[in-house]
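Tertiary structure, described
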Amino acid sequence: MHIANLSVADALDSLRTSEHGLTAAEAQKRLQEYGPNRIEEIRGDPQWRRLLGEFTHFFALILWVAAGLAFFAEARSPGEGMWQLGVAIVAVILVNGSFSFWQEYRAEQAIAALRKLLPQVVKVVRAGQLQTLPAEVLVPGDLLLLEAGDNVPADCRLIAGADVRVNLSTVTGESLPRARRPEPDAPAAALDSRNLLLAGTALVSGEGRAVVFATGMRTEFGRIAHLTQTAAPTVSHLQQEIARLSKLVAVFATVLGLSFFAIGMLIGLPFWANLMFAIGIIVANVPEGLLPTVTLSLAMATQRMARRNALVRHLPAVETLGATTVICSDKTGTLTQNRMSVQQVYLAGAVSDGGRLATMRGAGHLLRNAAHCHNLKPGVRGGQAVWLGDPMEVALREFAVAADGFGELPLLGELPFDSDRRRMSVVVEHDGERWLYCKGAPETVLQLCEWIEADGAVGPLDAARCAQVAAAQEAMADRGLRVLAFAWRRLAGDETPAECQLAFSGLIGLHDPPRPEVPEAIARCRSAGIKVIMVTGDHPHTALAIARDIGLVRGAQPAVVFGDALRRMTPAQLQIVLDSPEILFARVTAEQKMLVVDALRNKGEIVAVTGDGVNDAPALKSAHIGIAMGMAGTDVAKAAADMVLLDDNFASIVNAVEEGRAVFANIRKFLTYILTSNIPELIPYLAFVLFRIPLPLTIIQILAVDLGTDMLPALALGAERPDPDLMRQPPRPAHERLLSWPLLARAYLWLGLLEAGVALAGFFLVLHLAGWQYGEALGPAEPLYLQATTACLAGIVLAQVVNVFMCRHPRESVLRFPLTANPLLLLGIAVELGLLLLIVFTAPANQVFATQPFAPVVWGVMAFLALGFGVLEETRKLLLRRASQPTRIGSP
């Protein structure tokens, strides 16, 4: 039998303890058996291994191999610039690994946040003596003394107490305190018992004695921590695509290198020269600049999102946001403002907006009730005296004071609110008499009333008047108002306050208005093909009304699923229900929210979910994108989330989705840009072998392009603003590849070949102007050879200057995008051209990159060819746009 079902004496006996507590020897014995009362970490890889992992993932291994080949080539053939290439590649690996290492601390942060919620010292009775001990030494059977403000250090059974109310929000997600009493209880679920105090919760009122029955990881709190630690880490789409790209690059480069090594052997090249050539082919096809460009692009995207109130904690999550197909959102504070205000009042059989309430007979009791029946505390905000506490109670008090203007009445007593009674009462003194004022849920207050006040007179509350009140309540709830009932009674002499024989005053309907940005954000989600599901603990009438206000629900019969019904569904039933075009979940717990998230994932959806409590942490980690509230969220939720909303606003989620889509599009842009330059770096090697010409481009010059001139323009493409059309398109399919065949064909078979033509034209033009004849050998240090290779390098860079504009969109004309829209692009081009001039015209750079200035006429020809390259690409885009336009009937 569960300890909640036992009497106090039996509960103590079941734990082999007494009201005097455990002896020191017994406590020490149990400590050795059960272990310390703390949240244990699941042992993971040591930090050094995690750091090593950042330098040994697949793409990093490819770069290590490329660096090793470069050093090997340098050892066999010194002076070819291979050592500089090897050093640069190693630097890329180290910088990226160090930059990414911080992501490995997410689980540790979540555990640290959980620990902070547990008290450090507690009051314990052992051997009849009250002691103050560290919370870690608690064991089952210990007797605790708790009072208002204390955090509960372990799962306990209350054995004595007065006016004990507990805030359970950190464990169960309930925002309202619940009463606790020592009597035996037999609820449907043991943890719903009224005599249990759970670790991590806090007493908001009263004092009591409790016996510990679970500590550490055996507590409900520990179970949540275990779920948070063991929730399988999700691998983002971007991480999967980078891994796939790494494999493709490795296979392509290796196959190409081996193929041309075989060709070289067939045409009689010496073995070592042929091997160096094959290594050059392999290294030329490894995009060394891709990894830092992706990392920096994601980092820049997180900065843009932070300016839009979305703080991203996990870099790959930026891109995953763009693929989101479903957003599961809380209501209060996310879709609404969490600023309650009185909208309607039902008094004397009529509903009004409250404007004339103070002048109506019988309004005095209602207003005094609203002004004094609360748990607010005086405080200071912005230098002004304010009331701090539940926004609903603040709204009621402000409304009452504004309507009547009376002062404070002496508070003589209180019957506190709890979620079982769903009401609270206070006793105040007014005109020399004691009055009991009660407020709460209409169904709980009305059953205590025998009278009803109307126009200053009190009469019996008969069935007809009850029906009238119920109808008014339903009408208010259907408008999305939170409805409270108010009642009172006069206490005679020294009569003990009791909630009975009350006189009903009226109803007040409060409204938490939707955030003004939310309807537009919901509309943007709809046009973007993103389904939004409200998951709330509120009443379904309120949730549905708010959903209609913000445009989330437009149909007449949306699916509204209660938490109890959700709990009883099989996974298949839940997945079928989720097919409903419009669906809301009401009265749900955090664990039920996780069931919704898991069902959506099983349906193949990309899920983003919001949460703010400790109990939300497993759902936040289970979702593809966990979104914590920055203002209302707990540290645990923030540590478990991928993104934190700084303003708790749903519109910020939609803005983040837009940025995520832009990131995917921008990565494709700079991927096209970077891969394009691989072809003009590769073809010179092919021409060198197949046509026996001098090598038009050296390895060190390839490095100058990949890790020099290309870097900033590629980053600028990664910083492009979201295209307005992005949020008018459905989410991309989950299986859509980052590196698609159309992208490869455009980069390798079109843009790359055109660039290679520009580069080789410059190379051969320099040779032609100097009178070089085919078959004539050129030494690596001859001025003519240095000038020709420099022209080839310059041709690639000039073509890339044009290409960066071509890559701003795969279909639309470059003229559609103003230059001022992306200042970084202009800076990138300036730096690219500046680096080129530095490499060509400065002596130190000539020495490092084996370059030398060439004739001005060659500059002019290559610039003309680069512009022609741009014209050809614009022509292709124009033809593509025309081919994709629908043919109109009757058009020529």
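Residues numbered from 1 in each chain as written. Predicted model: local features only at pLDDT ≥ 70, side-chain atom pairs only at ≥ 80, totals over all residues. Heavy atoms only, no water.

1. Digging into the overall build of the protein
- When helices and strands are counted, the protein shows 32 helices and 26 strands.
- Of all 892 residues assigned to the protein, the portion counted as buried reaches 55%.
- Taking contacts inside the protein between residues at least 6 apart in sequence as the whole, the part at least 24 apart equals 72%. (Helix = DSSP H or I, 4+ residues; strand = E, 2+ residues; numbered from the N terminus. Buried < 20%, exposed > 50% of the residue type's maximum accessible area, 1.4 Å probe, protein only. Contact = heavy atoms within 4.5 Å.)

2. Examining the pairing of strand 3 (residues 143-147)
- Note that strand 1 (residues 121-126) and strand 3 share three bridges and pair antiparallel. What sits directly across from K123, in strand 3, is L145.
- Pairing between strand 3 and strand 7 (residues 202-214): five bridges, direction antiparallel. Considered in strand 7, the bridge of L144 is made with A210. (Pairing = 2+ DSSP bridges.)

3. Things to note about the packing of aromatic side chains
- Under the definition given, this model contains five aromatic pairs.
- Arranged with centres 6.1 Å apart and planes meeting at 20 degrees, the rings of F841 and W859 form a pair that is stacked. Here F841, found in helix 30 (residues 823-841), pairs with W859, found in helix 32 (residues 856-884); they are 18 residues apart in sequence, far enough to count as distant.
- Taking relative accessible area as the criterion, F841 reaches 45% and is therefore assigned partly exposed.
- Taking 4.8 Å as the distance between ring centres and 20 degrees as the angle between the ring planes, the aromatic pair formed by F854 and W859 counts as stacked. Accessibility assignment for this pair places F854 and W859 in one class, buried.
- An aromatic cluster is defined as three or more aromatic residues linked by ring pairs; in this entry it consists of F841, F854 and W859.
- Above the plane of the ring of F664 lies R732, whose end atom (NZ or CZ) is 3.6 Å from the centre. (Phe/Tyr/Trp six-rings, centres within 6.5 Å; stacked < 30°, edge-to-face > 60°. Lys NZ or Arg CZ within 6 Å of the ring centre and 35° of its normal.)

4. Observations regarding the pattern of salt bridges
- Considering all chains together, one arrives at 25 salt bridges under this definition.
- R567 is the partner of D564 in a salt bridge, and the nearest nitrogen-oxygen pair spans 3.7 Å. Of this pair, D564 and R567 both sit in helix 19 (residues 563-568), separated by three residues, roughly a single helical turn.
- Since its relative accessible area comes to 46%, D564 is described here as partly exposed.
- As a salt-bridge pair, D725 and R816 come within 3.5 Å of each other at their nearest N and O atoms. Residue D725 is located in the loop between helix 27 (711-718) and helix 28 (741-769), and its partner R816 is located in the loop between helix 29 (783-806) and helix 30; the two are separated by 91 residues in the primary sequence.
- Here D725 falls in the partly exposed class, since its relative accessible area comes to 28%.
- Residues joined in a network through salt bridges with shared partners are R304, R308, R524, E658 and E659. (Salt bridge = Lys/Arg side-chain N within 4 Å of Asp/Glu carboxyl O.)

5. Considering the environment of T215
- For T215, the position within the fold is in the loop between strand 7 and helix 8 (220-230).
- For T215, a relative accessible area of 1% puts it in the buried group.
- Along the sequence, T215 and P153 sit 62 residues apart, while their C-alpha atoms lie 8.2 Å from each other.
- Leave out the neighbours within four places in its chain, and T215 touches Y34, N37, L138, V139, P140 and A154.

6. Quick look at helix 16 (residues 463-478)
- End to end, helix 16 covers 22 Å across 16 residues, agreeing with the expected 22 Å (1.5 Å per residue, within 8%).
- Directly after helix 16, the chain includes G480, whose backbone phi takes a positive value near 85 degrees. (Expected span 1.5 Å × (residues − 1).)

7. Thoughts on the packing of helix 29 against helix 32
- Packing of helix 29 against helix 32 brings their axes to within 9 Å, and their N-to-C directions diverge by 35 degrees. Considering how the two elements wind past one another, helix 29 and helix 32 form a crossing that is right-handed. Residues A791, A794, G795, L798, A799, V802, N803 and M806 of helix 29 form the contact with helix 32, whose own contacting residues are V858, W859, M862, A863, A866, L867, F869, G870, E873, E874 and K877.
- For the contact of helix 29 with helix 32, a count of residues per class yields 13 nonpolar, three polar and three charged. (Axes fitted to C-alpha atoms, helices over the stretch in contact; angles between N-to-C directions. Left-handed = near helix turned anticlockwise from the far one by under 90°. Nonpolar A, V, L, I, M, F, W, Y, C, P; charged D, E, K, R; others polar.)

8. Examining the environment of V657
- As for its position among the elements, V657 is in helix 24 (residues 650-676).
- Overall, V657 belongs to the buried group, its relative accessible area being 1%.
- Linking V657 and T320, residues 337 residues apart in sequence, is a C-alpha distance of 8.6 Å.

9. Re the nonpolar core
- Formed by 117 residues in total, the largest nonpolar core has its most connected members in M643 and F650.
- The greatest single-element share of this core, amounting to 16 residues, is contributed by helix 29.
- Membership of the second largest hydrophobic core comes to 26 residues, among which are I583, V596, A617 and L620. (Core = buried A, V, L, I, M, F, W, Y, C linked by side-chain atoms within 4.5 Å.)

10. A short note on helix 26 (residues 699-709)
- Of all eleven residues in helix 26, nine are buried, a share of seventy percent or more.
- Along helix 26, the positions that sit buried rather than exposed are I699, I700, Q701, I702, L703, A704, V705, D706 and T709.

11. Structural notes on the sheet that holds strand 22 (residues 559-562)
- Pairing is mixed across the open sheet formed by eight strands, whose spatial order is 8-26-25-24-9-21-23-22. Two strands close off the open sheet at either side, each with one partner strand: strand 8 (310-312) and strand 22. Between one strand axis and the next, the sheet turns by 20 degrees as a mean value, whatever way the strands run.
- Relative to strand 25 (residues 625-629), strand 24 (residues 607-611) is paired through four bridges, and the arrangement is parallel. Its bridge partner being in strand 25, A608 is matched across the sheet by I625.
- This element, helix 24, spans strand 8, strand 9 (326-329), strand 21 (531-535), strand 24, strand 25 and strand 26 (643-645) of the sheet and lies at about 160 degrees to strand 9.

12. Let's talk about the environment of L366
- Here L366 is to be found in helix 13 (residues 363-372).
- The sequence separation of L366 and G506 amounts to 140 residues, and the corresponding C-alpha distance is 6.9 Å.

13. Describing the side chain of H624
- Mapping H624 onto the fold places it in the loop between helix 22 (617-622) and strand 25.
- On the basis of relative accessibility, which here comes to 18%, the residue H624 falls in the buried class.
- Among the polar contacts listed, one links the side chain of H624 to the backbone nitrogen of V607, at a separation of 3.0 Å. (Polar contact = N/O pair within 3.5 Å; in protein donor to acceptor, adjacent residues only side chain to side chain.)

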